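Structural features, examined
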Amino acid sequence: MKILVIGSGGREHALAWRLIQSPRASKVFVSPGNAGTSLEDGIENVPLSEIDDLIDFVISEKIDMTIVGPEAPLSEGIVDAFKARELMIFGPVAAAAQLESSKDFAKQFMADHDIPTAEYSTFTAPTEAHKYISAKGAPIVVKADGLAAGKGVVVAMTEQEAHEAVDMMLVDNGMGVAGAKVVIEEFLIGEEASFIVMIDGEHILPLATSQDHKRLLNNDKGPNTGGMGAYSPAPIVTPELHDKAMKDVIEPVLNGMKEAGTPFIGFLYAGLMIAPDQTMKVLEFNCRLGDPETQPIMMRLKSDLVTLVEHALTGTLNEVEPNWDQRTALGVVLAAKGYPQSPRKGDIITIPPKDNADVHVFHAGTALIDDQLVTSGGRVLCVTAIGDNAIQARELALEASNRISFADKQYRTDIGYRVIKN
Ligand code: AMP
Ligand code: GLY
């Protein structure tokens, strides 16, 4: 089978790496991909970005299935366009992808279907938003309605910060159209977990649980990022919480989307906040896999990913059960100088040859320029390792990270601290 993966991050490298290991995969294309995907045996990059060009490529190359990595093409309707041509593609149609592309849509959907989430209100008028903040007080959370590549959320610890966020988004247009509408919601306390499933429109297949680390620096200090590291499994998601997430969150999405006439097909990621009393609320939905969560999840997946996606595309996910490596996988993101504000590009990267099957270096912001590997984005690499426990996996990942060099690389040394009690 020939498979196309859309995207260029660490998530897509991990997906392509797992897919090409399938005895059923003859070739995996990644569009546009990164230096890491171009260096893997059996994987080839295709430098396309327009939906029409991708469709032409899939038809002329006789690609059997396409898997969409990031949210932007989903919200632009790539799945709708492929389906109109009867091409096999895994991801939600744009109407269903609004669960991620509009926070207001997601909140309204959750309210309509009794999915637990933070109390909220939506505004386009700054005066009303300011009034709401003054009435509710801080801490409070201000979110741009639209897609903002992880930069649209301000967790305001003071009322002033919240007022400033509203002015930045609604008055100064600081987030563009994404911030022309804002959701303001109650600040939630607890521990976050990433609950990711595959849905075929009718059935749900939960993937292994995981936890991400959003802040740039050790001890959860510094600015929010797309994610500086992740591990799987996440023991905080006990069997009881797992059942609750399925019944109270994922099943209502499946049923609600079916009722709306836009059945959800694709990866669904619920960002959960688990409070100390074990109650759970949804922070956000993503209509895709997480990055960097995918890297450790793919390291643990023992089942054939091609077969799983095929079941998802034929509405038979109820017939499969994925097999997971019982060990812990943990990924450490190496980021460029200046990330997340303004990452520097063009630094030379040196990676020693792979010498351990339990460690894999997934690329994200990398490029090959005249055969030289250089940084080309904020999150550069995700060094992912699997070990008997999180301590061992982290040791392996950090040891490999230390042997990789590029100027001013930034990384956290405490990934997994919640499960590694020192
Ligand atoms: P989101 O993109 O909505 O998941 O928000 C990004 C990050 O902001 C989350 O991963 C949380 O760390 C934080 N966050 C979002 N909403 C809330 C909330 N209601 N209370 C506390 N923290 C939040
Ligand atoms: N790691 C968080 C995300 O993928 O949204």
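The present account deals with the structure reproduced in this document.

Thresholds, definitions, all that
- Residues numbered from 1 in each chain as written.
- Chains lettered and ligands numbered in written order.
- Predicted model: local features only at pLDDT ≥ 70, side-chain atom pairs only at ≥ 80, totals over all residues.
- Heavy atoms only, no water.
- Near = heavy atom within 4 Å.
- Polar contact = N/O pair within 3.5 Å; in protein donor to acceptor, adjacent residues only side chain to side chain.
- Helix = DSSP H or I, 4+ residues; strand = E, 2+ residues; numbered from the N terminus.
- Nonpolar A, V, L, I, M, F, W, Y, C, P; charged D, E, K, R; others polar.
- Salt bridge = Lys/Arg side-chain N within 4 Å of Asp/Glu carboxyl O.
- Buried < 20%, exposed > 50% of the residue type's maximum accessible area, 1.4 Å probe, protein only.
- Pairing = 2+ DSSP bridges.
- Patch = residues over 30% accessible without salt bridge, like charges linked within 9 Å, V, L, I, M, F, W, Y side chains within 5 Å.
- Areas by Shrake-Rupley, 256 points an atom, 1.4 Å probe, with all protein chains shown as cover.
- Lys, Arg positive; Asp, Glu negative; His and termini not counted.
- Charge placed at Lys NZ, Arg CZ, Asp CG, Glu CD.
- Core = buried A, V, L, I, M, F, W, Y, C linked by side-chain atoms within 4.5 Å.
- Contact = heavy atoms within 4.5 Å.
- 1 Å grid on protein atoms, 1.4 Å probe; cavity = no way out; pocket = protein on both sides within 12 Å on 5 of 7 lines; lining within 4 Å.
- Points joined across faces, edges and corners; volume = space filled by probe spheres on them.
- Axes fitted to C-alpha atoms, helices over the stretch in contact; angles between N-to-C directions.

Let us look at the site of ligand 1. Close contacts around ligand 1 come from 14 residues, with Lys-143, Glu-185, Leu-188, Glu-192 and Glu-284 the closest. Lys-143 is positioned with one of its side-chain polar atoms (N or O) 2.8 Å from an oxygen atom of ligand 1. If you list the elements that add at least two residues to the shell around ligand 1, you get strand E7 (140-144), strand E8 (153-156), strand E9 (182-186) and strand E17 (280-286). Its residues assigned to classes, the shell around ligand 1 comprises 7 nonpolar, no polar and 7 charged.

On to the pattern of salt bridges. Evaluated as defined, the whole model comprises 25 salt bridges. For Arg-11, the salt bridge goes to Glu-12, with nearest N and O atoms at 2.7 Å. Since its relative accessible area comes to 1%, Glu-12 is described here as buried. A salt bridge links Glu-399 to Arg-403, with the shortest nitrogen-to-oxygen separation between them at 3.3 Å. Arg-403 sits in the partly exposed class, given a relative accessible area of 36%. Overlapping salt bridges, with partners in common, bring together Glu-191, Asp-220, Arg-412, Asp-414 and Arg-418 in one network.

Once that is clear, we can look at the pairing of strand E20 (residues 366-369). Two faces make up the sheet, and in a regular strand the side chains alternate between them. The sheet contact formed by E20 and strand E21 (residues 372-375) spans 4 bridges and is antiparallel. Looking at E21, one finds that Ile-369 is bridged to Gln-372. Connecting the antiparallel pair E20 and E21 is a turn made up of 2 residues, with Asp-370 showing a positive phi of about 50°.

Attention now goes to a negative patch on the surface. Taken together, the side chains of Glu-50, Asp-52, Asp-53, Asp-56 and Glu-76 make up a negatively charged region of the molecular surface. Mapping Asp-52 onto the fold places it in helix H3 (residues 51-61). With a relative accessible area of 56%, Asp-52 lands in the exposed category.

If you look at the biggest cluster of nonpolar residues, it comprises 50 residues, and the most contacted ones within it are Ile-78, Leu-99, Phe-195, Val-249, Ile-250, Leu-268 and Phe-285. Of the residues forming this core, the biggest block, 8 residues, is contributed by helix H10 (residues 239-259). With near-sequence residues (within four places) excluded, Ile-78 lies in contact with Ile-6, Ile-51, Leu-54, Val-68, Pro-73 and Ile-89. Ranked by size, the runner-up nonpolar core spans 40 residues in total, among them Trp-17, Ala-208, Leu-301 and Leu-317.

Tracing the chain through its elements places Arg-11 in helix H1 (residues 10-20). Here Arg-11 falls in the buried class, since its relative accessible area comes to 7%. Here the side chain of Arg-11 touches Glu-12 through a polar contact of 2.7 Å, side chain to side chain. Setting aside its immediate chain neighbours within four residues, Arg-11 contacts Gly-69, Pro-70, Arg-288, Leu-289, Gly-290, Asp-291, Thr-294 and Gln-295.

Once that is clear, we can look at the environment of Pro-252. By the element assignment, Pro-252 lies in helix H10. Given a relative accessible area of 14%, Pro-252 falls into the buried group. Spatially, the C-alpha atoms of Pro-252 and Asp-114 are 8.0 Å apart, while their sequence positions differ by 138 residues. Residue contacts for Pro-252: discarding those within four places in its chain leaves Phe-109, His-113, Ile-115, Met-246 and Lys-247.

Around ligand 2, the neighbouring residues are Asp-212, Lys-214, Gly-226, Tyr-269, Asn-286, Arg-288, Gly-290, Asp-291, Pro-292 and Glu-293. Burial of ligand 2 by the protein chains amounts to 91% of its free accessible area of 200 Å². Considered class by class, the residues forming the shell around ligand 2 number 2 nonpolar, 3 polar and 5 charged.

Okay, helix H12 (residues 305-313) next. With 7 of 9 residues buried, H12 is to be regarded as a mostly interior element. Looking at H12, one finds that the buried residues are Leu-305, Val-306, Leu-308, Val-309, His-311, Ala-312 and Leu-313. One side-chain oxygen at the N-terminal end of H12 lies 3.2 Å from the backbone nitrogen of Val-306; it belongs to Asp-304. Phi for Gly-315, located one or two positions after H12, is positive at around 70°.

Before going further, it helps to spend a moment on the layout of surface pockets. What the second largest pocket holds in volume is close to 380 Å³. In terms of lining, the second largest pocket is formed by 20 residues, of which the most central are Ile-351, Pro-352, Pro-353, Lys-354 and Val-361. Contributing elements (two or more residues each) for the lining of the second largest pocket: helix H2 (35-39), strand E19 (359-363) and helix H13 (390-402). Here the element with the most residues in the lining of the second largest pocket is E19; it accounts for 4 residues. Residues belonging to the lining of the second largest pocket are distributed by class as follows: 10 nonpolar, 5 polar and 5 charged.

Right, let's talk about the sheet that holds strand E18 (residues 328-335) for a bit. In spatial order, the strands read E12-E15-E18-E22-E19; together these 5 strands make up an open sheet with antiparallel pairing. Edge strands, defined here as strands with exactly one partner in the open sheet, are strand E12 (211-212) and E19. Bridge analysis of E19 against strand E22 (residues 379-387) gives 5 bridges, and the strand direction is antiparallel. Paired with Val-359 across the bridge in E22 is Ala-385.

Turning our eyes to something else, we now look at the sheet that holds strand E10 (residues 191-200). Two pairing modes exist for strands in a sheet, parallel and antiparallel, and in both the strands are linked by backbone hydrogen bonds. With respect to topology, 4 strands assemble into an open sheet ordered E11-E10-E16-E17, the strand pairing being antiparallel. Both outer strands of the open sheet, strand E11 (204-206) and E17, are each paired with one neighbouring strand and no more. Direction aside, neighbouring strands of the sheet carry axes that sit 30° apart on average. Relative to E17, strand E16 (residues 265-274) is paired through 6 bridges, and the arrangement is antiparallel. Pairing of Met-273 across the sheet is with Lys-281, part of E17.

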